[in-house]
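Descriptive analysis of the structure
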Amino acid sequence: KDKTLFTDRVNQSLRMQGGEYYEIDAYRLMESALPFSMPKFYFGDVNNKTTNWILITELIPFGPKSKPLKDFKPLEVEPAYNK
C-alpha cells in the first residue's frame with residue numbers, strides 16, 4: 001500500500017483545501033476590525049496547482065526558548081513550537 005496517500009501534506013492538499021485562504025483573508029480583510037492586535041499583513045498567495053502558499057507579515061517578536069513558559073506574561077509571544 002502506498003503510504004504517501006496518508007501523509008499530512010496529502011491530507012491537507014486533497015481533503016482540506018481552502019484552510020490557508022481563511023488565514024490569508026483574516027490578515028488581509030480583518031486586520032483593522034478585530035479587537036486584538038495581529039502582525040501587519042504584507043503579502044499572501046496560494047498556488048492552486050500545488051496548494052503551496054505563502055504569508056508574509058511583519059516580524060513577530062517570539063520570546064526566547066530558554067525562558068520557561070510559565071514566566072510569560074499576557075500578550076507576550078511564546079517561542080515557536082516544533083511541528
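Report follows, based on the coordinates. Think of each chain on its own: its residues are numbered from 1, step by step along the sequence as written. The predicted origin of the model limits local features to residues at a pLDDT of at least 70 and limits the giving and counting of side-chain atom pairs to 80 or more, whereas totals for whole chains, interfaces and linings rest on all residues. Side-chain numbers come from the whole structure's heavy atoms, not from hydrogens or water.

1. Re a nonpolar patch on the surface
- A patch consists of residues exposed above 30% relative accessible area that lack any salt bridge, with like charges linked at up to 9 Å and nonpolar side chains (Val, Leu, Ile, Met, Phe, Trp, Tyr) linked at up to 5 Å. To measure how exposed things are, a 1.4 Å probe is used in the Shrake-Rupley method; for residues, cover is taken only from the protein chains shown. Salt bridges are counted wherever a side-chain nitrogen of Lys or Arg sits within 4 Å of a carboxyl oxygen of Asp or Glu. On the surface, Tyr-42, Phe-43, Ile-54 and Ile-56 cluster together into a nonpolar patch covering about 380 Å² of accessible area.
- Secondary structure is summarised from DSSP: a helix means a run of H or I of at least four residues, a strand means a run of E of at least two, and numbering begins at the N terminus for each. Elements with a minimum of two residues in the nonpolar patch: β1 (41–46) and β2 (53–57).
- Checked against the element boundaries, Phe-43 lands in strand β1.

2. Quick word on the pairing of β1
- Paired strands are those between which DSSP finds at least two bridges. In terms of strand pairing, β1 meets β2 through 5 bridges, oriented antiparallel. Note that in β2 the partner of Asp-45 across the bridge is Ile-54.
- Between β1 and β2, which follow one another and run antiparallel, lie 6 residues, and Thr-51 among them has a positive phi close to 65 degrees.

3. Brief notes about the pattern of salt bridges
- Considering all chains together, one arrives at 3 salt bridges under this definition.
- The partner of Lys-67 in a salt bridge is Glu-76, and the shortest N-O contact between them spans 3.2 Å.
- Since its relative accessible area comes to 24%, Lys-67 is described here as partly exposed.
- In this structure, the salt-bridge partner of Asp-71 is Lys-70, at a minimum N-O distance of 3.6 Å.
- For Asp-71, a relative accessible area of 34% puts it in the partly exposed group. Type-normalised accessible area, obtained with a 1.4 Å probe on protein chains alone, sets the label of each residue: buried when under 20%, exposed when over 50%, and partly exposed for intermediate values.

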